[in-house]
Amino acid sequence: MLKDLDKVILECRKKWSTLPNYKEIRLDHLFKVLLKKHATEYFKQTNKTGTHLCINDYSIIYTNNENLRANFSTTCLYYAYAFAPLLEELEKYKNKFDTIINNISKKKKLSSDSKKNFLGKLPCRDWENLPEAKDWVDDIKKELNNLNDNDRKYLSYFISDPDWWIKSTTSSSGRKLNRSDVIQSALNLAMNVILASSDKLYEIIKICLNSELKEALKNLIDKNEIDIGRNIIFYGAPGTGKSYQIDQLTKGGDCIHTVFHADTQYSDFLGMLKPAMNDNNECSYHFMPGPFIQSYVNALKNPQIHHYLVIEEINRAQAAMVFGEIFQLLDRDEKGIGCYEIEPVDQSLVDYLINQIGGYPDNKVKLQMPGNLSILATMNSSDQAVMPLDTAFKRRWEFEYIQIKMDKASDKIINIPNNNQTVGVTWRKLATEINERLSEFNIPEDRHLGPFFLSTNEINEKGLTNKLFIYLWDDLLRHQAKTIIFDSSIRTFGQLIKCFEEKKDIFCPELQEKLF
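Description of helix 1 (residues 5-17)
Here's step 1: The first and last C-alpha atoms of helix 1 sit 18 Å apart over 13 residues, in line with the 18 Å expected at 1.5 Å per residue.
Here's step 2: Those residues of helix 1 not exposed but buried are Leu-5, Val-8, Ile-9 and Cys-12. Along the axis of helix 1, the buried positions cluster into a sector of 100°, meaning they face one direction only. Every exposed residue of helix 1 that faces more than 90 degrees away from the buried side is listed here: Lys-7, Leu-10, Glu-11 and Lys-14.
Here's step 3: Residues of helix 1 that are buried in the fold lie against helix 3 (76-108), helix 6 (149-160), helix 7 (162-165) and helix 8 (182-191).
Here's step 4: The distance from a side-chain oxygen at the start of helix 1 to the backbone nitrogen of Asp-6 is 3.0 Å, and the residue carrying that oxygen is Asp-4.

Remarks on the packing of helix 1 against helix 3
Here's step 1: Two elements in contact, helix 1 and helix 3, have axes whose closest approach is 8 Å; the angle formed by their N-to-C orientations is 170°. The angle between helix 1 and helix 3 places the two elements in the roughly antiparallel class. Facing helix 1, whose interface residues are Leu-5, Val-8, Ile-9, Cys-12, Arg-13, Lys-15 and Trp-16, helix 3 presents Tyr-78, Tyr-79, Tyr-81, Ala-82, Phe-83, Pro-85, Leu-86, Glu-89, Leu-90 and Tyr-93.
Here's step 2: Tallied by class, the residues present in the contact of helix 1 with helix 3 amount to 14 nonpolar, no polar and three charged.

Remarks on the sheet that holds strand 8 (residues 307-312)
Here's step 1: One open sheet accounts for five strands, arranged 5-8-9-4-10; its pairing is parallel. Two strands close off the open sheet at either side, each with one partner strand: strand 5 (254-259) and strand 10 (398-401). Each neighbouring strand pair of the sheet contributes to a mean axis angle of 20°, computed without reference to strand direction.
Here's step 2: By the bridge criterion, five bridges tie strand 4 (residues 231-235) to strand 9 (residues 373-379) in an arrangement that is parallel. Residue pairing in the sheet places Asn-231 in a bridge with Ile-375 of strand 9.
Here's step 3: Those strands touched by helix 11 (residues 242-250) are strand 4, strand 5, strand 8, strand 9 and strand 10, and its axis lies near 165° from that of strand 9.

Cut-offs and rules
- Residues numbered from 1 in each chain as written.
- Predicted model: local features only at pLDDT ≥ 70, side-chain atom pairs only at ≥ 80, totals over all residues.
- Heavy atoms only, no water.
- Helix = DSSP H or I, 4+ residues; strand = E, 2+ residues; numbered from the N terminus.
- Expected span 1.5 Å × (residues − 1).
- Buried < 20%, exposed > 50% of the residue type's maximum accessible area, 1.4 Å probe, protein only.
- Arc of directions from axis to C-beta.
- Contact = heavy atoms within 4.5 Å.
- Polar contact = N/O pair within 3.5 Å; in protein donor to acceptor, adjacent residues only side chain to side chain.
- Axes fitted to C-alpha atoms, helices over the stretch in contact; angles between N-to-C directions.
- Parallel < 35°, antiparallel > 145°, perpendicular 65-115°, else oblique.
- Nonpolar A, V, L, I, M, F, W, Y, C, P; charged D, E, K, R; others polar.
- Pairing = 2+ DSSP bridges.

Put into structure tokens, the structure is as follows:
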């Protein structure tokens, strides 16, 4: 289905405007390797022998076969990220219309000059009455009528309304469908780009359409956006990849991990005095920093890189109590720097900070959140052992929901009992059908199965019994009818395991039917 190009352009422009497009992106090793690989493939496919990209941390140098160069800041990748959907859609239109024109030309044996002259007039509002259209108009109308209503409507706009997709502020008269650069020109106008090397920028964007590179670019830009200090909680169903998302964002930065649990306290998080034996075998007390103070000190000592404090399972502890007075530090300005300062009352902490950082006038230590320190946390709201986050605490965080995307689930086979034998079912199908069954009974999505609920090495019979079945039986269906998922004859968890081992049907008839 073709999309409304006018809306696509508006969406791409809006997306670009929300990015920190003034800020250079530091390219990591993975992205450099992928860009080099796909650029080489692209230049080979387009017969541009000798053309290559030289990719540095903050620049991309395009060199042609005559050794002429065009230098681009890595900010150009914001265009690739934001306007890739437009380029993909423009190419769909061009390919669809080219197919129609080529079929008519072949069928009626029309000359290449006739084709060139006709396309040289398009797009044109009165195209049907053009002298150059006489050999084409009836057949084009027939082809358009063979399309669905949506595609017929939008492809008609494509050939008749230049203002709809060629966003020129002056005139679009020179931008016709017989020109090889018409798509490039429309893209540049949508991006409001005027560059002597805009054709090279177009090629960089086109290279970035590769799905592997597109994903790497998304991760890179997400990571670049987070280089301004932020507080983010990633939440979603178990197994959606919340920790993996954080791992991708924190690559290349200094990272400290901690896990909250029911007994986590303020002193665990900030630090505390602890005894230690000195060289004289005497007991003395030293301040031992917790994960927050470790991250805080690292950020102040090394302002040239970004630092991350990662809190797994933030709602397993009473988070507001664990943060204590540093709760106030979570308020940030537009540069990610804390809006407020606090004076710690713990003298051992004060002494530690003076010793580690120094530079405090009159030794009056004040804490303020550095702009190069982000706090990233994961939260599973479906867990029965969690503590609720109070409203004041939540207001100081951004929340990012990680959706259940079953296309990322493994296709590894698991043997499931069916009619006194076992039949292989992929993990993706099993998890998808269980989730659909849960949805039918209005069980909240944050309790469904994520694609990574079972890791690859857990997708086996032991993983089912020791992890999946326990979760479904004891947690998810604790206060629900077990028959939503399991056969009505199964009354206990022990009976469930026994039936599974004896290859008896364990799932309810509706789910069993969907699986097999």
